[in-house]
Amino acid sequence: MSFQKLSIDYRIFTSIYQLPSEVQSLFQQATQSLQKSYAPYSGFTVGAATSSKSGKIFTGANQENGAYPMCLCAERVALSNAIHLEREDVLQYFVIVGGALEKMETEFLSPCGACRQVLSETEYRQQHPIRLYILGKKEKVLEFKNCNDLLPFGFVYKT
Ligand code: THU
């Protein structure tokens, strides 16, 4: 028997203006996509935007449904749009914003387990890390070097 410890590095920024301009513009796009959210049940709108190495941008917003489990999170909608990425291109940045952060128990919006799994496998498939930025309360931003850091012991299927 042995004890093990896991730790991850992440950064907290106090404003989006401290981020690279490409990421700032992704925050704008994610915020704009909040308007495309369909969240009549939770009232909690979420927007996501991701950009590729070659500069392509894909956005998403959560899409709820009267049959509740059918709900699609903003992150997975953005990733579905990203299937239009060229084969040789890779996703580099991913930004998530929430429209009503005051409704959250936590200080930062946090992707659900299912989205972590999909983000993590996207990284694995493209063999390139996706730097993740999450908007928090008081305009703070969390930055993770890659999505896999948010899913320790995630399921990876060997193809
Ligand atoms: N939601 C997202 O779209 N992304 C997240 O990271 C967390 C939750 C959505 C799902 C649902 O439409 C609403 O937020 C409330 O859970």
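The model shown is predicted, which means the values in this text are computed figures rather than measured ones.

Any chance you could break down the environment of I12 for me, citing the residues and the numbers?
Note on placement: I12 falls in strand β1 (residues 10-13). Separated by 113 residues in the primary sequence, I12 and R125 have C-alpha atoms spaced 28 Å apart. I12 has contacts with F108, K140, V141 and L142, leaving out every residue within four places of it along the chain.

Pulling in residues and values, what's your account of the packing of helix α2 (residues 74-81) against helix α3 (residues 113-126)?
Between α2 and α3, the shortest axis-to-axis distance is 9 Å and the interhelical angle comes to 30°. Viewed along their axes, α2 and α3 adopt a mutual orientation that is roughly parallel. At the point where α2 passes α3, the crossing takes the left-handed sense. Here E75, R76 and L79 of α2 lie close against α3, whose contacting residues are A114, C115, V118, L119 and T122. Looking at the contact of α2 with α3 residue by residue, the class counts come to five nonpolar, one polar and two charged.

An account of the pairing of strand β6 (residues 141-144) is requested, with residue identities and associated values reported.
Within a regular strand, the side chains alternate between the two sheet faces. Of the two faces of β6, both are covered, the one formed by V141 and E143 as well as the one formed by L142 and F144. As defined by bridge partners, β1 adjoins β6 across four bridges and the pair is classed as antiparallel. Each bridged residue has a counterpart across the sheet, and for R11 the counterpart in β6 is E143. Across four bridges, the pairing between strand β5 (residues 131-135) and β6 is antiparallel. Within the sheet, the bridge partner assigned to I134 lies in β6 and is L142. Counting the residues that bridge the hairpin from β5 to β6 gives five residues, and of these K138 lies at a positive phi of roughly 55°.

So what's going on with the packing of aromatic side chains? Residues and values would help.
Summed over all chains, the structure comprises four aromatic pairs. Where Y41 meets Y68, the ring centres are 5.4 Å apart and the plane angle is 50°; that geometry is what we call tilted. Of the two residues, Y41 is situated in the loop between α1 (21-33) and β2 (46-52) and Y68 in the loop between β3 (57-61) and α2; the sequence distance between them amounts to 27 residues. Y68 sits in the exposed class, given a relative accessible area of 57%.

Calculation rules
Along every chain, residues carry numbers that run from 1 in the direction the sequence is written. Reporting in this predicted model follows two pLDDT cut-offs: at least 70 for local features of residues, and 80 or more for side-chain atom pairs to be given and counted; totals over whole chains, interfaces and linings ignore these cut-offs and use all residues. With hydrogens and water excluded, all non-hydrogen atoms of the structure serve as input to the side-chain values. We count a stretch as a helix when DSSP gives it H or I for four or more residues in a row; a strand needs E for two or more, and each element gets its number in order from the N terminus. Every residue pair with non-hydrogen atoms within 4.5 Å of one another is taken to be in contact. Helix axes are fitted to C-alpha atoms over the stretch in contact, other axes to C-alpha atoms as well, and angles between N-to-C directions run from 0 to 180 degrees. Orientation labels follow simple angle bins: below 35 degrees gives roughly parallel, above 145 gives roughly antiparallel, 65 to 115 gives roughly perpendicular, and whatever is left gives oblique. If you view the pair so one helix is near and one far, a crossing is left-handed when the near helix is turned anticlockwise from the far one by less than a right angle, and right-handed when it is turned clockwise. All residues other than Ala, Val, Leu, Ile, Met, Phe, Trp, Tyr, Cys, Pro, Asp, Glu, Lys and Arg, Gly among them, are scored as polar; the first ten of these are nonpolar and the last four charged. Burial classes: relative accessible area under 20% of the type maximum marks a residue as buried, over 50% as exposed, and values in between as partly exposed (1.4 Å probe, protein chains only). One bridge is not enough; two strands pair if DSSP finds at least two bridges between them. Only rings of Phe, Tyr and Trp enter the pairing, Trp through its six-membered ring, and a pair is recorded when the two centres are within 6.5 Å. The plane angle decides the type: under 30 degrees is stacked, over 60 is edge-to-face, the rest tilted.

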